[in-house]
Amino acid sequence: MSQLKSGDSTLMQELGDFPEDDLKVDQVEKECRTARHSVPEDGLELDPHVRDCVKSYIQPWLLVSRRCQGDGWSAYSEREGLHKLLRKQTFESDVEPSDNQPKPVKSPTLAGLSDDSGRTLTSSDFNLRCLTPDQRVEGLLAFSSHEELDRFNQEARQSNRHPELFALYPPADEEDAVEIRPLPDCPKEHTGDRIMIRCQAIKFEIEIEPMFATMALYDLKEKKKISEDFHCDLNSEHLKNFLKPHTAHVDQSTLARSAIFSITYPSPDIYLVIKIEKVLQQGEISDCADPYMTLRECDSAKNKDKLEKLRGQAETFCQRLGRYRMPFAWATVNIMEVISTATIDRDVTDSDSLKGGKSSSIDRRAQLPRRNSERYNTIDDQCCNVSGFKPATITISTIFKQEGDRLSDEDLLKFLSEIKKTSSPQRRVKTIPGSIKLDMSPVHDTPLACLSPELIPLIPVAEKNIRPTKEVLEFPSSEVYVPHNIYRNLLYVYPQRLNFVNRLTSARNITIKMQFMSGEDTSCALPVIFGKSSGPEFLKEDYNPVTYHNKSPDFYEEVKLALPARLTERHHLLFTFYHISCQQKQNQSGSCETLIGYSWLPMLNNDRLQTGQFCLPIVLERLPANYSLHTPEKLPPQSPPVKWMESHKGLFNLEIQAASSVHTQDNHLERFFTLCHALEGGATFPLRVREEKIAENKLEHELKLSIISLSSSRLEPLVLFLHLVLDKLFTLIMQPMVIAGQTANLAQIAFESVVSIVNSLHNSQELIRDQQGRNSLLATYLYWVFRLPDPEAPNADLGSIPSAESRYSTMGRAAAATVGSMLLESRIRSSSNPDIPAPHTSAEDAEVKNILSFKGHNIPGSRMSTIVDLNNHQNSTGNTRPSNRKQFHEELALQMVVSTGVCRENAYKYAWFFFELLVKSMAQHVSELDKQSVPRRSRFSDRFKDDITTIVSVVTAEIGTILVKQQKEVEQAEKVNISLAFFLYDLLSLMDRGFVFQLVKNYCNQMSAKSVSMPTLISMRLEFLRILCSHEHYLNLSLFFSGPASAPASPCPSITSQSSSSCSFQEQQRILGLFELSQEFKQQHYLTGLLLTELGAALDMESEGGKVQRKAINAIYSLLCSHDLDHRCIKPEVRAKVSALYLSLVGIIIDSTNYLDFTVSDTRGGKNKTGGPEDDLENVPPINQSVAMAIAGNPFNTLGRNALVSMASMQGKSVATLAADTSRHLLVCFLWVMKNAERSLIQRWTIEMPPSQLNKLLELLTICVSCFEYGGKQSGDKVSTQALQKSQQAKLQLEEALLRGMGARGEMMKRVGGMDRTMGQRENLRWRKDLTQWRQTNDRQDKTKAELDQEAMISGNLATEANLIVLDLLETIVQAVPLAECKDSMVGGVLKVLLHSLTCNQSTTFLSHTFSTLRALVVKFGDLLFEEEAEQCADLCQKVLQYCSSPLDENRSQACATLYLIMRYSYSNASNFSRVKMQVTMSLASLVGKSSDFQEEYLRSSLRTILAYAEEDTEMQSTQLPSQVDELLRNLNSILSDTVKMREFQEDPEMLMDLMYRIAKGYQTSPDLRLTWLQNMAEKHNNRKCYTESAMCLVHAAALVAEYLSMLEDHKYLPVGSVTFQNISPNVLEESAVSDDILSPDEDGVCSGRYFTESGLVGLLEQAAELFSNGGLFEAVNEVYKIILPILEAHRDFRKLAFTHDKLQRAFDNIIKKGHKRMFGTYFRVGFYGAKFGDLDEREFIYKEPGITHLPEISHRLENFYSQCFGEDAFTMIKDSIPVDRKQLNRNKAYIQVTYVEPYFDDYEMKDRLTNFEKNFNLRRFMYTTPFTKSGRPRGELNEQYKRKTILTTLHAFPYVKTRINVIQKEEFDLTPIEVAIEDMQKKTRELAVATHREQPDAKMLQMLLQGSVGATVNQGPLEVAQVFLNEIPADPKLFRHHNKLRLCFKEFIMRCGEAVEKNKHLITFDQKEYQQELKKNYNRLRENLRPMLERKIPELYKPIIRPRLENRDSFKRLSFRRTQEENS
């Protein structure tokens, strides 16, 4: 760290130091919703508390920020327009096939296949030369030297590259992004969901007088009114004129007809209630309503006079009683129902979801800060989305008449609950005909001309005078935890009821006049009452509506007042009660009011606002003097005495509520504020607080008590006044108070109070926290509100004492230091586990002593409080040294250090709060100092630094303690750890960095000493470092100390500069060292070193679910990401410098290749291996690439030929592989470093690298290629979810086949992780597409096409860029080859990676560069490739051919050029060309067989292009090359023709297989090609899930290989040839080689394929075994392994043997487990009839279908297919199974007959076929039965019912390489009726026996069988059979035997029935008793009926027999049946 102190200044200047003005402390004006701030009226001397409140509501926010903070991250958000800047990459997989016409289904005639001469189907009827060749690649051979070629390719690659890799990469998951501190939302005035309700019309049948409406919301669930009243009227000008005399003037604000209601807690029962009043008139409500119910405006002719009369009356009443109202009617609507119906109808359009998803209510809840309450989040979701419904118009047609005796709110709520239950209140409530029309809409932006509840105009203010909208104040149904933010001071008065029942006077029509008085004189009434509709804005008095002739009226009036800011004891509410005479008496001319009495209510009680329920007595006659100073209940006796109504009883009930942000309405808070203001001066002692008086000397004690009790105040008021409370407490911490001449130090107690408030806010269940556990209210306070307390507080009145400069805390600093150190020691001692052996603890103590000694050396007095002498004080005023005034941050740190007990525990538990407080106060301090330009080092005092060191150390110890002691609290520890990290992160910008690094170092030491599980520790340290490294100046911090680390540019190594390879050993070590994490590096780059060390540790460690690894990788990833997108790092040289920081990361990644989650090619199989059988076996490539391909789910063969992860380096250590997305993050980091690092440096590194390391690097590159493969464009409609699920299931089933495939692949799987790593654990990237590609698959439902296209665009560019980085690196390696020792293996390795990249889905851009590189390799290392890397060469041919058939011209032209170059360069070496020819031919055959969507026309045009190259190549014209090429292309063309034929049968799998079978047969003489076709067939079967057939194809292939191997070498352990395989299937003998003279295996190019080796053979067989196992034929698995085992034993391959025996064990286990449950095939005979079938006519086949296939399924499938071929009318299914008569068929139609058949075995066979498997394997004979009668009908009576059995024999045995086989023989025999009966009875008896003797009997099954056997009503049941055949002895002696046999059958049958009935007795339940008796009775009856027949024996059969006659002996053989029939006939 010393370097930091003596910073290398020149380098600092070069890189740019931290900006001078890094810190910004800004005042931000508050955003005000209203046109002006809501403040009290001017000219008042305000109470200090009100003054503070108002100040805190209008003062600006104070924000501390740093200029560059978040620079890297901001770029992430700027990716929006990224897709516009990118080039579109073209991928073959995205190209839509051009010909969209559906191909006609060809009729399935085999005519085309019948040509069986020599070679089938290969007549090249298609001439290549008639095609035109494609565009040729320019300058294919025109380069002078290899260097020029390389340079040319390099320039092409570097053009058009995207500079930022991470901009293309999908952002990482947020859950790990600890370094993103959520910004607290700006405090706002609370509003709920806002709804605008506009009153359109209120119409009754007649319109005769003005009506007035009042609206409010009620929550029925909470039984509460939840909004204030909104008054409006819709009266016409004409009607308004009636009231002219009573309205002085009309203010604009009272004309509103629309109101905005706010709902914080939506519940399903929110009702809008509209009350309608009219002017008071004589008569009950019913009388007044009567005309409205009986008259109609429309019948005007009839009622004209009546209406005129009524209008006249109304006008009279209005003029006389216009100021009084009476209740008239009311109506209600459940607005939540309206909203929910409006929401359901609403179809969310795309634009909504694009707006950021605000439309979904759930999201919105999370986003809106306004409800800091958890409760809001748990509201039932049944209640709909209040902010997103369609505007609706509501028409209410049910208007209820008000009942004079049921007006109160309780009555209203009762009505509402009745309406909710029955949809109308009880019947006796009358309705008035009429309608109310309202418009309702959600409010998102405040409309024009809107007024706040205080009637202040809201922004936007209207220019013109338009009708305003009013915001209605909400009374939320439960607490809202949002601190006050504006000045609001409103009072609501609710008169509830009067009781004048016992009064005898005529007071009946009672109204109350209410006034707010500031004194007792009548002129003191204040105009603070809010007016109603169409009148003045403010009134001095308000009258209640009158209920006619009611002595104890209920009221529903709400009077709203604006409270004066300064209330005195004189302010009071005055109520005057009047009787209103409705009818003018003759002698009365004056007023209609008669005074009844008065009452009043003082506003303040002991200086506190009075609210709540009151019941007031009423004074008669007049008010006494000075009444307002007392409450009416406690009025002292007066003279003359006061006359009370009903002797001072409370008669008037009312309720008062305040909505005020000034009056706390909480005792604790009120007391605290009062005492605080007393301190500030201006108070007179003794001070009155509520009922008590406080003397000056008690003030300190009382204040302390009030501070302590703050946290016990109710949560809601505490939250509402939170900002003010905290401000006051911080002022107390900062400011010593002088009370009665004594300095009182309240700092400690105020600090403790802050801690306990913080604690209680965090612990409250009601309040929400952000993801870092910070209470949102506190976070908001710190970020926006907190500012340093103003030290110069008004303190003048408390005696003259020195100003704030000289006041210090009285707690001795020295004492504090020792207390701090003691605490620290005790804490650490307690945290160390007593069981830990001593050395451990002592180390820890040493660490502590270090910290303490470092603190202890302070000057002892440094903590002493010093009061500066006064004279001294005068001189020091000019001195601005920051040390002599008490600083808030110092005081706060001191308090944290010296706190004890619970306070200390909580202070550290919620350390985040105090850390952020410290940081904000330090920032304000620093910004003051900056104005005085104080150097950075001396910004803070040493003792403050000591305190910070202690705090950090204690917090770290705290984290450790939690981890050791309370495992449950790990989450708490994580949060504290994160807050500590942020603290140091902030300090880096404020304090001396060396000091902060020292703190980091202490933290790391302390955090490593703990006895905690490693993963937890690493994970803690990682989050800590991740946050530190996210500092905006992290690069400066890291690079300042970098020495000259970047490598000296070495001369670009080329073939000529051989010298540079012999550079000094030290130099080599130095280069290699750069890529490792050295001690030197860690010293030079402190933070980077720490982070990389943690990454290394994390990767080496096992943790559950790889959490720690993920954290580590994400940390590095996010860091690099921020560099990549940082605008300060745009220049390439800066990037190179930055990437040099991370070279050691490359080393770590290379070492961790083993953990990455990808299947990749084995790059370690170069030529540097020692040969030997074992190695050969290791190197066996798997056979079935296409299985891999299917898994990868892309059209190319994806896992490369050598998809083997070689884990040799792991030495048996089991390591959890990383999850796929994490692997991707790590690899993208690797690619970024490689992209930006200096090229020459990397080249030097690859030259110096040992070969093993280089192989690892190549392996890593292979993984990168797989990892960043393009996932394909997702179109919304193309992929349905079902298709997705299906493909996933298919993948799951295939995965066994792939992952346990042949040799080396199985090997790899085993090494990767035990024997059966199945899918679930190994989430290979390919399967987890949803985790990559911007999460394309999982949330595709809601993306628009445009978004999908953008994503495809970006991910296409990512794939291209990532692959190009790999390609650059490969080129770098290849160009270094001449200088390296192991050039051959290196080239092979590079080629392997290149081939792998061709396997993946690539863009044309990348492909064109790759093909250039491949051509360069062929040109430079041709010989090496063709000689040494034959295997690779074959692969290369296949890949290039594949691209020759690409639909994209660009890909094709590149591929053609490459293929031609390969031919040209291999020709120069004669022996190689024939090999290349063979490889190309085989590649084509395999390509053609496998891919279903293969486009032969593209391939043809490619062949033509290659021909053109050959013809245009002038150099080669003299040689044989052109003619050789011509011959090869002709061969290829003929193979293509085969495919065209296959194309025709694409739809008909059986025909397709027949065809492929024939093609394979045609290649009998060319083993390589036959093998290829057998594999193609296996592939096709596999796709159709016919695993057994697929396995058979591979067994045939293995037999073919065995034949050729036995010709080549004669080893005992090898199979002799196909004979060895006949145990698996007798069909295999077809593969025996025709004869030696046809083909000798050693001829050049023949059998050179990789399968014609021992390991190839083993590979094929292992794969076959795998497939047999998938198909459930576990017995066959055993047979296959019998052939493999001798070979493995001969090779002494014990690992493989163990593996094989494990497989066998599993197979046998499966047999035991699934023995009888396995479903093998179901077989059907299918006959084809009709000339339309061509050569299929009259052919019969046996079809093998999957396990449970019913006849209708197969009939349906065939019927669908063939009726498509021939047309519905030309095709018929024959529905029965009787023999088909050709003569009766229509000649122009095609017929198919399908019959279910069963395998048939002779008796002797059954002896050998015992198991279920044996009865289903090697089947050649099948049987079906046809019932018939002599008369020709199929069915008849028992005695005439015959049966015919037909037995069919097939050409081959099932299972075979096809699923249908020809029938070659057919035999039939018939059964006589009695034989039919015998068969039936035997079957019944067998079934009964089985059902009775099952281990777990099935009662239902048994009863069903019994019912059919002994049931009374069974038709043709056993009894009938007996009566028909046994009733009498047959006349014909030939039938004696049959008769007897039947009799014996019956005997056994009746016995079995008896057993079954008994068995059933034990199985039945109680309720089946009767049923059992019935069965028993039936059984007995049957037995009785049968007895005589069963006991009658045929005497002839029981004579003593002398000589057995042959016929009788044979009577049960078929022979005798025939004979009997003949004789009978």
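Structure: above.
Residues numbered from 1 in each chain as written. Predicted model: local features only at pLDDT ≥ 70, side-chain atom pairs only at ≥ 80, totals over all residues. Heavy atoms only, no water.

Re the sheet that holds strand E14 (residues 450-451)
Within the open sheet, the six strands sit side by side as E10-E13-E3-E7-E15-E14. Their pairing is mixed. The open sheet terminates on both sides in strands that have one partner only, identified here as strand E10 (392-396) and E14. The pairing of strand E3 (residues 193-204) with strand E7 (residues 258-263) spans six bridges and is classified as antiparallel. Following the sheet pairing, arginine 198 is matched in E7 by serine 258. (Pairing = 2+ DSSP bridges. Helix = DSSP H or I, 4+ residues; strand = E, 2+ residues; numbered from the N terminus.)

What about the nonpolar core?
In this structure, Phe914, Phe1230 and Trp1245 are the most contacted members of the largest nonpolar core, which totals 364 residues. Take this core: its biggest share by element is 14 residues, from helix H55 (residues 1587-1608). The contacts of phenylalanine 1230, once residues within four sequence positions are left out, are Val1146, Ile1149, Leu1257, Leu1260, Leu1261, Cys1264 and Leu1369. Of all hydrophobic cores here, the second largest spans 46 residues; its members include Met215, Leu217, Leu307 and Met336. (Core = buried A, V, L, I, M, F, W, Y, C linked by side-chain atoms within 4.5 Å. Buried < 20%, exposed > 50% of the residue type's maximum accessible area, 1.4 Å probe, protein only. Contact = heavy atoms within 4.5 Å.)

Quick notes on the pattern of salt bridges
Inspection of every chain in the model, using the stated rule, returns 81 salt bridges. For lysine 728, the salt bridge goes to aspartate 52, with nearest N and O atoms at 2.7 Å. Taken as a pair, lysine 728 in helix H18 (residues 722-734) and aspartate 52 in helix H3 (residues 48-58) lie far apart in primary sequence, 676 residues in all. With respect to class, lysine 728 is no different from aspartate 52; both count as buried. Close ionic contact of glutamate 541 with lysine 513 constitutes a salt bridge, the shortest N to O distance being 4.0 Å. In this pair, glutamate 541 is assigned in strand E20 (residues 541-543) and lysine 513 in strand E17 (residues 510-517), connecting sequence segments 28 residues apart. Its relative accessible area of 13% is what places lysine 513 among the buried residues. (Salt bridge = Lys/Arg side-chain N within 4 Å of Asp/Glu carboxyl O.)

Some points on the packing of helix H35 (residues 1107-1124) against helix H40 (residues 1220-1236)
Running from N to C, H35 and H40 point in directions that differ by 40°, and their axes come no closer than 9 Å. As for the relative orientation of H35 and H40, their crossing is left-handed in sense. Across the interface between the two elements, Gln1109, Arg1110, Ile1113, Asn1114, Ile1116, Tyr1117, Leu1120, His1123 and Asp1124 from H35 touch Thr1222, His1225, Leu1226, Val1228, Cys1229, Trp1232 and Val1233 from H40. Across the contact of H35 with H40, the residue classes tally to nine nonpolar, five polar and two charged. (Axes fitted to C-alpha atoms, helices over the stretch in contact; angles between N-to-C directions. Left-handed = near helix turned anticlockwise from the far one by under 90°. Nonpolar A, V, L, I, M, F, W, Y, C, P; charged D, E, K, R; others polar.)

Overview of the packing of aromatic side chains
By the definition in use, this model includes 55 aromatic pairs. Pairing phenylalanine 1728 with phenylalanine 1741 gives two aromatic rings, centres 5.8 Å apart and planes at 80°, and the pair type is edge-to-face. Note that phenylalanine 1728 is positioned in strand E32 (residues 1722-1729) and phenylalanine 1741 in strand E33 (residues 1740-1745), a separation of 13 residues in sequence. Ring geometry for phenylalanine 1733 against phenylalanine 1766: centres 5.3 Å apart, planes inclined by 85°, an arrangement best described as edge-to-face. Of this pair, phenylalanine 1733 sits in the loop between E32 and E33 while phenylalanine 1766 sits in helix H59 (residues 1751-1766); the two residues are 33 residues apart in sequence, bridging distant segments of the chain. Phenylalanine 1733 sits in the buried class, given a relative accessible area of 0%. Within the aromatic cluster, the residues linked to one another by ring pairs are Phe1728, Phe1733, Phe1741, Phe1761, Tyr1762, Phe1766 and Phe1771. Over the face of the ring belonging to phenylalanine 212 we find arginine 325, whose NZ or CZ atom lies 3.9 Å from the ring centre. Over the aromatic face of phenylalanine 1828 sits the side chain of arginine 1844, whose NZ or CZ is 4.5 Å from the ring centroid. (Phe/Tyr/Trp six-rings, centres within 6.5 Å; stacked < 30°, edge-to-face > 60°. Lys NZ or Arg CZ within 6 Å of the ring centre and 35° of its normal.)

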